[in-house]
Amino acid sequence: MTENRAHDVAAVKGVLEGLYRAWADGDADAFVKDYTEDATAIMPGSFRGSREEVHRNMAEGFASYLKGSTTVDKLRSIRFLGESAAIAVSETGVRFPGETEVPAERMVYATWVLEKRDGAWLLAAYHNSPVVVAG
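Residues numbered from 1 in each chain as written. Predicted model: local features only at pLDDT ≥ 70, side-chain atom pairs only at ≥ 80, totals over all residues. Heavy atoms only, no water.

**Q** Could you clarify how one ought to interpret the overall build of the protein chain in this entry?
**A** What the protein chain contains, in helices and strands, is three helices and six strands. Secondary structure elements in the protein chain, listed N-terminal to C-terminal, are α-α-β-β-α-β-β-β-β. In terms of C-alpha radius of gyration, the protein chain reaches 15 Å, essentially the compact-globule figure of 14 Å for 135 residues. Over its C-alpha atoms, taken along the principal directions, the protein chain stretches across nearly 45 × 35 × 25 Å. For the protein chain, buried positions account for 36% of its 135 residues. Here the contacts in the protein chain between residues at least 6 apart in sequence split such that 49% fall between residues at least 24 apart. If you sum the accessible surface of the protein chain, you get close to 7,800 Å²; carbon and sulfur atoms cover 54% of it. One way to put it: in the protein chain the 15 positive side-chain charges average out to a point 3 Å from where the 20 negative ones average out. (Helix = DSSP H or I, 4+ residues; strand = E, 2+ residues; numbered from the N terminus. Rg over C-alpha atoms; globule rule 2.2 N^0.38 Å. Buried < 20%, exposed > 50% of the residue type's maximum accessible area, 1.4 Å probe, protein only. Contact = heavy atoms within 4.5 Å. Areas by Shrake-Rupley, 256 points an atom, 1.4 Å probe, with all protein chains shown as cover. Lys, Arg positive; Asp, Glu negative; His and termini not counted. Charge placed at Lys NZ, Arg CZ, Asp CG, Glu CD.)

What follows is the structure, encoded as structure tokens:
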């Protein structure tokens, strides 16, 4: 039996779209708005163990090396694990001022784990890994 999750798909997409808008605006508060308090973010060489750590890191980045940057994002899939968990997979990269596209070596595959709490989808974990460019 196929279950219609159109409302949940739209809500998960909305969380990710809000995150990308916050990045484009350089707004660390809006960036973590839909993170759980205990959210984790893992990227090559770094671990952030809470929403506050993610916020602090993004605020520092938006004030310095990420200032004026945007992201390029392609949502590849969303799958649900029961009623209150979802995993989204995307391909994304950071485009810095003056760039028209993201160099292939800066593209990553990202995994977003979301949890539905009190009717709202929240980001509980994030992980990314570089896209391996065949050479």
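From this point, the discussion proceeds with the structure in view.
**Q** Whenever I open this one, the packing of aromatic side chains confuses me. Can you help?
**A** The relative placement of two aromatic rings is captured by the distance of their centres and the angle of their planes. One pass over the structure, following the stated rule, counts seven aromatic pairs. Ring geometry for Trp112 versus Tyr126: centroids 4.5 Å apart, planes at 55°, classification tilted. Taken together, the positions of Trp112 in strand S5 (residues 108-117) and Tyr126 in strand S6 (residues 120-130) put the pair 14 residues apart, joining distant regions of the chain. Tyr126 carries the same exposure label as Trp112, and that label is buried. (Phe/Tyr/Trp six-rings, centres within 6.5 Å; stacked < 30°, edge-to-face > 60°.)

**Q** How do you make sense of the pattern of salt bridges when you look at a structure like this?
**A** Between side chains of opposite charge, pairing is possible as soon as their charged atoms come close. Tallying each qualifying case throughout the model produces nine salt bridges. For Lys116, the salt bridge is made with Asp8, and the minimal N-O distance between the two is 3.0 Å. Here Lys116 is found in strand S5, whereas its partner Asp8 is found in helix H1 (residues 6-25), with 108 residues between them in sequence. Taking the relative accessible area as the measure of exposure, Lys116 reaches 28% and is therefore partly exposed. For Glu99, the salt bridge is made with Arg106, and the minimal N-O distance between the two is 2.5 Å. The class of Glu99 is partly exposed, set by a relative accessible area of 27%. Classification of Arg106 by relative accessible area gives partly exposed; the value is 28%. Salt bridges linked by common partners bring Arg5, Asp8 and Lys116 together as one network. (Salt bridge = Lys/Arg side-chain N within 4 Å of Asp/Glu carboxyl O.)

Everything listed is a geometric property; what it means functionally is a separate question.
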